[in-house]
Amino acid sequence: MVKHQQDTLAGISRFRLLTDQISSLIIISQSIKVFSSKWALIRNKLNNIISILAVIPPEIQDSADCSLLNNVVQSVEETTQLAHKCIELSYTGKLLMQSDLDIICEKFNAHIKSLCELSSPDCFSPSAIVVSRPATSASKDDLKFYINDLFSRFKIANIEMKKQTLICFNAVIQEDDRWLKIAMEVEAFVHVLVWFLSSKDLGVQEVLKSLDTIFGFELYKGVLVSIGVVAPLIRVLECGSKLSKSLSTRCLMKCTAESENAWSVSAHGGVTSLLRISAGECESSGELVGLACGVLKNLVGVDEIKRFVVEDGALQIFVNLVKSRNEVSQISSMEFLQAIAVGDQLVIDSIVNERGIRVLVHVLDPESSFSSKSRETSIRVIMSLCSDLTNLNSLVSYGFIDHILHFVQDGDIAVQESCLKATYWLSGISDDFKKAMGDAGFIQVFIKLIATKPIEIRDLVSKTLSNLVSIPKNRKRLLEDDQNVSLIMQSFDQEGTSTNRKLLLPIIMSLSGCNSGRKKILSSRYLKNIEKLADDQVSDARKILRNLSSNRFVRLVRGIWH
């Protein structure tokens, strides 16, 4: 009996000695100034071990496997030596020390798993009593008590309980930002979440949901990156499920906004992993490909990464994705091409060489079945890529003008407005494009749209038509129909903005510069609208009437206007 009591005391004392050693190591590590994120992670694991040791019942401590405790003691002693080297800066190389610290972390992970198995199976099991979640309106102390309880379950609960705890945590941080703020104040809380990403048993989807929420706060983004979240996120891209990969790319997209942390992602092979996802559209979902394109769009804001993508021949991947029948993949790839080409003619030329312009124009083919949103995006990207005259001429040969004319006449309002922006853009480039648009039949279509609503459409039509009639050939086309001038002048009498009237006046001004135009203006019963504007001291209206007054017929019939 006495011997049994001595053995029990010996078992308990071994646990107490180990706890004291770990506590001393934690205190020593707090003074270390180098590899701070690694040491914070190690302290978290040491605290986990202390928490587990504290809940192991005496009868199990008594029968505990000595080899297990010896292994933990040995790891603690090794870590203590590393701590002194870091304090004294006596280590031989940063990479070697970083590798040693990574090895120690893996050892402690194994010890934690073994100690959890050693502890009572009822410890933090699903049937264990846990703290009830307080209302969001509760005091900060109550909220913090609950978060600390979640943290304890993170550290020492069994796998199933940890999963349920993650679900609880995700629920509260979605409900109110106060929960997340308190959690981020708990030392090593976020370290545990990052560590969970490497757990094979736990599953990562709930962890990724937590990180996705945390990344949504600018204040915490740097914290996650500093403790090494990027590397495990990229590992998920390489070997996770489709859902896990999508969640990981969401995190990376927020992490790399405005090209922040781009080098960190690149250093861990993230660019290659994202390109692989984009290239494997058949194996990846449209959402995942879209997210991968979004992250890459952030990364190519860094010139060196952009060069890598271009020189690696990856542009062909995104040109091919423009042909995709998945709207998300298609639009994301077009936006990526626009982003990587901004201000870089060499990249634009590479896209052209990969038949990128032809593919983009094909999206606008009325015979194709692409969505309105895809067509809007295609127009926007084409306008950003085609500033070079050679590329502009290619647009005409690919049927761009005919396609946008079709949608100006028959497209839905969003596509129609995008096409009208493209016509205005084209009409301001050169007289050759003005002639091509006149030959295609734009003038008669614009006349019909002059009186249309909404006002944005009307204004675009007026500005473009004003550009087109600045050349004689298009003025002649407009004047071929006697009704065209009257329809324009009638629009001055309709309800609308003064801005739109001012946009229409340059059209009449151009027409008043030729004899046939003056005759049609004078013969219109809506001339009074111009005269009224002239009476209101509108300068363009006064100039128009001065042009008309030079006509001999006006001097005979109406007298000279002063």
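Within every chain, residues take consecutive numbers counted from 1 along the sequence as written. Per-residue local features of the predicted model are confined to residues with pLDDT of at least 70, and side-chain atom pairs are confined, for both listing and counting, to 80 or more; whole-chain, interface and lining totals are unaffected and use all residues. Side-chain figures throughout are based on the complete set of non-hydrogen atoms in the structure, without hydrogens or water.

Participant: Teacher, can you tell me more about the overall build of the chain here?
Facilitator: Assigned secondary structure in the chain consists of 35 helices and zero strands. The buried label applies to any residue whose accessible area, calculated with a 1.4 Å probe on protein chains only, is under 20% of its type's maximum; exposed applies above 50%, and partly exposed to all values in between. By residue count, 49% of the 562 residues in the chain fall in the buried class. A 1.4 Å probe and the Shrake-Rupley method give the accessible areas. Residues count as covered only by the protein chains that appear here. Accessible surface, the chain as shown: approximately 26400 Å² in total, 51% of it carbon and sulfur. Here a helix means four or more residues in a row that DSSP labels H or I, a strand means two or more in a row labelled E, and each is numbered from the N terminus.

Participant: Is there a simple way to think about unusual backbone geometry in this case?
Facilitator: Excluding glycine, residues mostly have negative phi values, and the peptide bonds linking residues are mostly trans. Residue Phe35 is not a glycine yet carries a positive backbone phi of 50°. Along the chain, Phe35 falls in the loop between α1 (2–29) and α2 (36–55). Its identity as a non-glycine residue notwithstanding, Asn261 has a phi of 60°, on the positive side. Along the chain, Asn261 falls in the loop between α13 (242–255) and α14 (262–267). Judged by its relative accessible area of 25%, Asn261 falls in the partly exposed class.

Participant: I keep staring at the packing of aromatic side chains and nothing clicks. Help me out?
Facilitator: Any pair of aromatic rings gets described here by the distance separating the centres and the angle formed by the planes. Between the rings of Phe, Tyr and Trp (Trp by its six-membered ring), a pair exists once the centres lie within 6.5 Å; its type follows the angle of the planes, with under 30 degrees stacked, over 60 edge-to-face, and the other angles tilted. Scanning the entire structure with this criterion turns up 11 aromatic pairs. Their ring planes at 85° and their centres at 5.4 Å tell us that Phe154 and Phe196 sit as a pair that is edge-to-face. Taken together, the residues span a long stretch of sequence, with Phe154 in helix α6 (residues 140–156) and Phe196 in helix α9 (residues 189–196) at a distance of 42 residues. Residue Phe154 shares its accessibility class with Phe196, and that shared class is buried. By way of ring pairs, the aromatic residues Phe151, Phe154, Phe169, Phe189, Trp195 and Phe196 are connected into one cluster. Above the plane of the ring of Tyr424 lies Lys463, whose end atom (NZ or CZ) is 4.8 Å from the centre. We count a charge as sitting over a ring when the NZ of a lysine or the CZ of an arginine lies within 6 Å of the ring centre and within 35 degrees of the ring normal.

Participant: What exactly am I supposed to notice about the packing of helix α12 (residues 230–239) against α13 here?
Facilitator: Two quantities define a packed helix pair, namely the angle between the helix axes and the distance between the axes. For every element, the axis is a line fit to its C-alpha atoms; helices are fit only across the contacting stretch, and the angle between N-to-C directions ranges from 0 to 180 degrees. Their axes nearest at 8 Å, the elements α12 and α13 cross at an angle of 140°. Read as a crossing pair, α12 and α13 show a hand that is left-handed. Along the contact surface, α12 presents Val230, Leu233, Ile234, Val236 and Leu237, while α13 presents Ser244, Lys245, Ser248, Thr249, Cys251, Leu252 and Cys255. Gly is placed with the polar residues, together with every amino acid not listed as nonpolar (Ala, Val, Leu, Ile, Met, Phe, Trp, Tyr, Cys and Pro) or charged (Asp, Glu, Lys and Arg). Each residue belonging to the contact of α12 with α13 can be placed in one class, and the counts come to eight nonpolar, three polar and one charged. By convention the crossing between two helices is left-handed if the near helix lies anticlockwise of the far one by an angle smaller than a right angle, and right-handed if it lies clockwise. In this description, contact between two residues means that some pair of their heavy atoms is separated by no more than 4.5 Å.

Participant: I'm lost on the pattern of salt bridges in this one. Help?
Facilitator: Oppositely charged side chains are able to pair whenever their charged atoms sit close together. By convention in these notes, a salt bridge is any Lys or Arg side-chain nitrogen within 4 Å of a carboxyl oxygen on Asp or Glu. Inspection of every chain in the model, using the stated rule, returns 19 salt bridges. The shortest N-O distance in the salt bridge between Lys297 and Glu335 comes to 3.9 Å. In this pair, Lys297 is assigned in helix α16 (residues 286–299) and Glu335 in helix α19 (residues 327–341), connecting sequence segments 38 residues apart. Glu335 sits in the partly exposed class, given a relative accessible area of 27%. Sharing partners across several salt bridges, the network here consists of Asp303, Lys306, Arg307 and Asp344.

Participant: I keep staring at the side chain of Ser466 and nothing clicks. Help me out?
Facilitator: Topologically, Ser466 is positioned in helix α28 (residues 455–468). Excluding residues that lie within four positions of it along the chain, Ser466 makes contacts with Leu503, Pro506 and Ile507.

Participant: What's the story with the confidence of the model for the chain in this structure? I'm lost.
Facilitator: Close inspection of predicted coordinates is inappropriate for parts of the model with low pLDDT. On average, residues of the chain score 85 in pLDDT, and 88% of them reach the 70 mark or higher. Residue-level confidence of the predictor is summarised by pLDDT, bounded by 0 at the bottom and 100 at the top. Taken together, the stretch residues 1–12 has pLDDT below 50 and engages in seven contacts with residues farther than four places along the chain or on a different chain. Across residues 120–127, confidence stays below pLDDT 50; counting only partners more than four residues off in sequence or on other chains, it has 15 contacts.

Participant: It is not clear to me how the packing of helix α24 (residues 400–410) against helix α25 (residues 413–427) should be interpreted in this structure. Could you clarify?
Facilitator: As a packed pair, α24 and α25 sit with axes 8 Å apart at the nearest point and diverge in direction by 135°. Judged by the angle between their axes, α24 and α25 are oblique. In the crossing of α24 with α25, the sense of the turn from one axis to the other is left-handed. Here Phe400, Ile401, Ile404, Phe407 and Val408 of α24 lie close against α25, whose contacting residues are Val415, Gln416, Cys419, Leu420, Ala422, Thr423, Trp425 and Leu426. A breakdown of the residues in the contact of α24 with α25 according to their chemical character gives 11 nonpolar, two polar and no charged. The cut-offs work like this: below 35 degrees is roughly parallel, past 145 is roughly antiparallel, 65 to 115 is roughly perpendicular, and the gaps in between are oblique.

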